[in-house]
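Geometric and topological summary
Next come the chains, spelled out residue by residue.
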Amino acid sequence: MNDPKEFIAGFDSDQRRSPTRVVFVTRRTSAQVKANYEEQVQTYPEVLFRVVLAIELLAIVLVVLSLLFNAPLEGIADATHTPNPAKAPWYFLGLQELLHYFPPVVAGVLAPTMLIVSLVIIPYFNINIEADGLFLNDRQRRLQIFYLIAIGLLVFLVAFHVYVAAVPTLLVAIAMVVAAYSSPQSTVAARRYLANKPLAWWVMTWFLFELIVLTAVGTFFRGPGWSWVLPWGS
Amino acid sequence: MPGKTDKILEQIERSRVWRSIFRSGRGGSPLHRALAIQQNVFLHLFSTKVRKRMLGFNATWYLGALTLGTFLILIVTGVLLMLYYHPSVPQAYADMKDLQFVVSSGLFLRNLHRWSAQVMVFLVFAHMFRVFYRGAYRPPREFNWVVGVVLLLITLLLSYTGYLLPWDQLAYWAITVGSNLSKAVPLVGDKIHFLLLGGNEVNANALLRFYVLHCLILPLAALLFIAVHFWRIRKDGGLYVHQSDPKTLAASKKVAPEKEAK
């Protein structure tokens, strides 16, 4: 841009909300500034006060909870007396449930490591920002891969008698089949919804479903010797 | 006498000492309010302005803020509990009994710490799934998602190490079950298990190690990563806006040019 006439300059200002923006548009291009001002509020006081209020309400709930229910405290630790069952904290009971079926190196090391690694790579894996529905493009090949993985996983889980994990897997797989044979323009809202879901959504939903089911089973339905019990039975 | 109090407060806020500490100055103008955030070492982690549509409950469910709330409650109750607790065998268990029967409000203190910890684990998971389903993990926010995963692990470790401290049967066997898993790591499993417990089984050494992790190392790590987590929200362009959130446009075009210049 040796010749100063090769560009036009413009500026756009809204001093109350944001600093002045200066734009140089060269004649060769036809760039347009599409500025639209989204309404903003000051962090102080508007956001901070709301956050403080939310935390105060939570504190009230927790205080009431603490007044009503006592934290559990059993007898002093005794290495010679093993309770049956010996349970981990509730958020690890999903893993302990898996430990019932698989050797420790699988349930205790491999599964959590894979879980953490997959959580970390989620945002790097999902290159497709718009995240189209899983079966909308390249449908035949993706359907084949899906059937291969879903049936393989189900056979594996049933072979090891892990019905607790197989049931949520089966339900998610059925939902995926429904999605595969639904159009994003379907008249049924649920089918429209499922057809638009990308791969990452399906994997995460499967994980969430397994997490809830395994944790709930480990917490409420497992008794002495890790046998089935009912939470309301004595 | 509200008038007199206001005057005294004003005098304090105008004093040289006050102004050397708080540099944003007096006044309710947008500039002063922006400076109140920007000039504060803790608050400057946040942006001075937030999109109005992100304030509604539906945008975030306030899950991140509530998680911070449980963390703050846990720090306060945790420090108070430390005043009554000895990380030794069998004194640790006796201290639990003292909290229950001797210390004023000791039982309430322990209840609040325990339930807040459970709620924090739940809220961290809820926050993670909420962020995922809104798609807020996508670029440019991918690194903040990773920081969040680290914070999830720190939260679980904080809760897990705290689980042993009461030194009752529940604590002892939960930690025994959990720590035995570390033995399953190929090649170095036994070494890791020994390092974690300071012995071959859960004993007084393990209690001390878990105490140091729970009260010093993990909270410091959590504070560090929380600071990065908050700061990255600002650096990555503020809270993620989902297309489903109704957009509220500012009425800036209506402002007359002569007023604008003011």
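Note that this is a predicted model, so its numbers are computed, not measured. Numbering of residues begins from 1 in every chain and follows the order in which that chain's sequence is written. Chain letters start at A and ligand numbers start at 1, both assigned in the order the entries are written. The model is predicted, so local features are restricted to residues of pLDDT at least 70 and side-chain atom pairs to those at 80 or more, both for listing and for counting; the totals for chains, interfaces and linings are taken over all residues.

1. Focus: the overall build of chain A
To be explicit about the condition: Going along the chain from the N terminus, every DSSP run of H or I of four or more residues is numbered as a helix, and every run of E of two or more is numbered as a strand. A residue is called partly exposed when the number of other C-beta atoms within 10 Å of its own lies between 12 and 20, exposed at 12 or fewer, and buried at 20 or more, with C-beta atoms placed from the backbone.
Regarding its fold elements, chain A presents seven helices and three strands. In chain A, which comprises 234 residues, the proportion classed as buried is 16%.

2. Considering the overall build of chain B
Let me state the cut-off plainly: We compute the radius of gyration from the C-alpha atoms alone; for a globule the expected value is 2.2 Å times N to the 0.38, where N is the number of residues.
Helix and strand counts for chain B come out as 12 helices and one strand. In sequence order, chain B lays out its α and β elements as α-α-α-β-α-α-α-α-α-α-α-α-α. A compact globule built from 262 residues should have a C-alpha radius of gyration of about 18 Å, whereas chain B, at 24 Å, is more than 25% larger. The C-alpha extent of chain B, read off along each of the three principal axes, is 80 × 50 × 30 Å. For chain B, the residues scored as buried account for 32% of the 262 residues in total.

3. Comments concerning the domain arrangement of chain A
Rules: Domain borders in the structure are assigned automatically or taken from a domain database.
Split by domain assignment, chain A resolves into domain 1 (1–40), domain 2 (42–71) and domain 3 (90–226). Relative to domain 3 of chain A, the C-alpha centre of domain 2 of chain A lies at a distance of 35 Å.

4. What about the nonpolar core?
What counts is decided by this rule: Put simply, a nonpolar core is buried Ala, Val, Leu, Ile, Met, Phe, Trp, Tyr and Cys residues tied into one set by C-beta atoms within 7 Å. Here contacts are defined at the residue level, using C-beta atoms placed from the backbone and a cut-off of 7 Å between them.
Of all hydrophobic cores here, the largest spans 54 residues; its most connected members are Met120(B), Leu164(B), Trp167(B) and Ala171(B). Looking at which element gives the most residues to this core, the answer is helix H7 (residues 106–134) of chain B, with 12 residues. Filtering out sequence-adjacent residues up to four positions away, Met120(B) remains in contact with Thr67(B), Thr70(B), Phe71(B), Leu74(B) and Thr155(B). Formed by seven residues, the second largest nonpolar core is a distinct cluster that contains Phe135(A), Ala173(A), Leu194(A) and Ala195(A).

5. Remarks on unusual backbone geometry
Residues and elements named next belong to chain A. With an omega of 0°, the peptide bond running from Asn-84 to Pro-85 counts as cis. Along the chain, Pro-85 falls in the loop between helix H1 (43–68) and helix H2 (93–99). A positive phi is found at Asp-138, a non-glycine position, where the angle reads about 50°. Looking at where Asp-138 falls in the secondary structure, it is placed in the loop between helix H3 (104–125) and helix H4 (139–159).

6. A closer look at the environment of Phe46(B)
All names here are of chain B. Take Phe-46: it is sitting in the loop between helix H3 (30–38) and strand E1 (49–51). Looking at Phe-46, the number of C-beta atoms within 10 Å reads 21, which means it is buried. A C-alpha to C-alpha distance of 6.7 Å links Phe-46 and Phe-230, two positions 184 residues apart in sequence.

7. What to know about the environment of Arg192(A)
Residue and element names in this part refer to chain A. Among the structural elements, Arg-192 can be located in helix H6 (residues 189–195). A C-alpha to C-alpha distance of 19 Å links Arg-192 and Met-204, two positions 12 residues apart in sequence. Leaving out residues up to four positions away in the same chain, Arg-192 has contacts with Pro-184 and Ser-186.

8. Let's talk about the confidence of the model for chain B
Should the pLDDT be low somewhere, the predicted coordinates at that spot are not to be read in detail. All names here are of chain B. Rules: Values of pLDDT, the confidence the predictor places in each residue, fall between 0 and 100.
Averaged over every residue, the pLDDT of chain B is 90; residues scoring 70 or more account for 93%. A low-confidence stretch, residues 252–262 (pLDDT under 50), is modelled with six contacts involving residues beyond four sequence positions or located in other chains. Across the interfaces of the predicted complex, the ipTM metric reaches 0.89, alongside a pTM of 0.87.

9. Some details on the interface of chain A and chain B
In many analyses, interface size is given as the accessible surface area lost on bringing the parts together. This is how the line gets drawn: Charged means Asp, Glu, Lys or Arg here, nonpolar means Ala, Val, Leu, Ile, Met, Phe, Trp, Tyr, Cys or Pro, and polar covers whatever is left, Gly included. Any two strands between which DSSP finds at least two bridges are classified as paired.
Across the contact, 60 residues belong to chain A and 68 residues belong to chain B. Elements supplying a minimum of two residues to the side of chain A that touches chain B: strand E1 (7–14), strand E3 (40–42), H1, H3 and helix H7 (199–220) of chain A. Among the elements that line the side of chain A that touches chain B, the one with the most residues is H1(A), at 14 residues. Residue composition of the side of chain A that touches chain B, by class: 38 nonpolar, 13 polar and nine charged. Direction of pairing for E3(A) relative to E1(B): antiparallel, over a ladder of three bridges.

10. Considering helix H5 (residues 63–82) of chain B
How we decide: Under the convention used throughout, the expected extent of a helix is 1.5 Å for every residue step, that is, one less than its residue count.
An ideal rise of 1.5 Å per residue puts 28 Å on 20 residues; H5(B) measures up with 28 Å between its terminal C-alpha atoms. Within H5(B) the residues assigned to the buried category are Gly64(B), Leu66(B), Thr67(B), Leu68(B), Gly69(B), Thr70(B), Phe71(B), Ile73(B), Leu74(B), Thr77(B) and Leu81(B). The inward-facing, buried residues of H5(B) abut H1 of chain A together with helix H4 (57–60) and H7 of chain B.

11. Side note on the packing of H4(A) against helix H5 (residues 163–180) of chain A
Pairs of packed helices are described in terms of their axes, by the angle between the two and the distance that separates them. All names here are of chain A. Put simply, the rule is: The axes used here are C-alpha line fits, helices contributing only the stretch in contact, and every angle between their N-to-C directions lies in the interval 0 to 180 degrees. Angular relationships are summarised with four words: roughly parallel below 35 degrees, roughly antiparallel beyond 145, roughly perpendicular across 65 to 115, and oblique for the angles in between. Crossing handedness: left-handed means the near helix sits turned counterclockwise from the far one by under a right angle, and right-handed means the same turn made clockwise.
In the contact formed by H4 and H5, the axes pass within 10 Å of each other and the chain directions differ by 165°. Taken as axis vectors, H4 and H5 run roughly antiparallel relative to one another. Between H4 and H5 lies a crossing whose hand is left-handed. Here Leu-143, Phe-146, Ala-150, Leu-153, Leu-154, Leu-157 and Val-158 of H4 lie close against H5, whose contacting residues are Ala-165, Ala-166, Thr-169, Leu-170, Ala-173, Met-176 and Ala-180. Within the contact of H4 with H5, the residues separate by chemical class into 13 nonpolar, one polar and no charged.

12. Digging into H3(A)
The following threshold applies: We define the bend at each residue as the angle formed by axes fitted to the 7 residues ending at it and the 7 residues starting at it.
Roughly 30° is the biggest bend found in H3(A), and it falls at Leu110(A), with proline Pro112(A) one to four residues downstream. Within the sequence span of H3(A), burial applies to Ala107(A), Gly108(A), Leu119(A) and Pro123(A). Buried residues along H3(A) sit in contact with H2 of chain A together with helix H8 (142–164) and helix H9 (169–182) of chain B.

13. Some details on the environment of Val41(B)
Its location among the elements puts Val41(B) in the loop between H3 and E1. Spatially, the C-alpha atoms of Val41(B) and Lys7(B) are 28 Å apart, while their sequence positions differ by 34 residues.

14. Here's the deal with the confidence of the model for chain A
Of the residues in chain A, 83% have a pLDDT of 70 or more, and the chain-wide mean is 85. Least confident of the elements in chain A is E1(A), whose mean pLDDT is 67; most confident is H1(A), at 95.

15. Brief notes about the packing of H5(B) against H7(B)
Residues and elements named next belong to chain B. Contact geometry for H5 and H7: axes closest at 8 Å, N-to-C directions at 155°. As judged from the angle between their axes, H5 and H7 are roughly antiparallel. For the crossing formed where H5 meets H7, the hand is left-handed. Residue composition of the contact of H5 with H7, by class: 15 nonpolar, eight polar and two charged.

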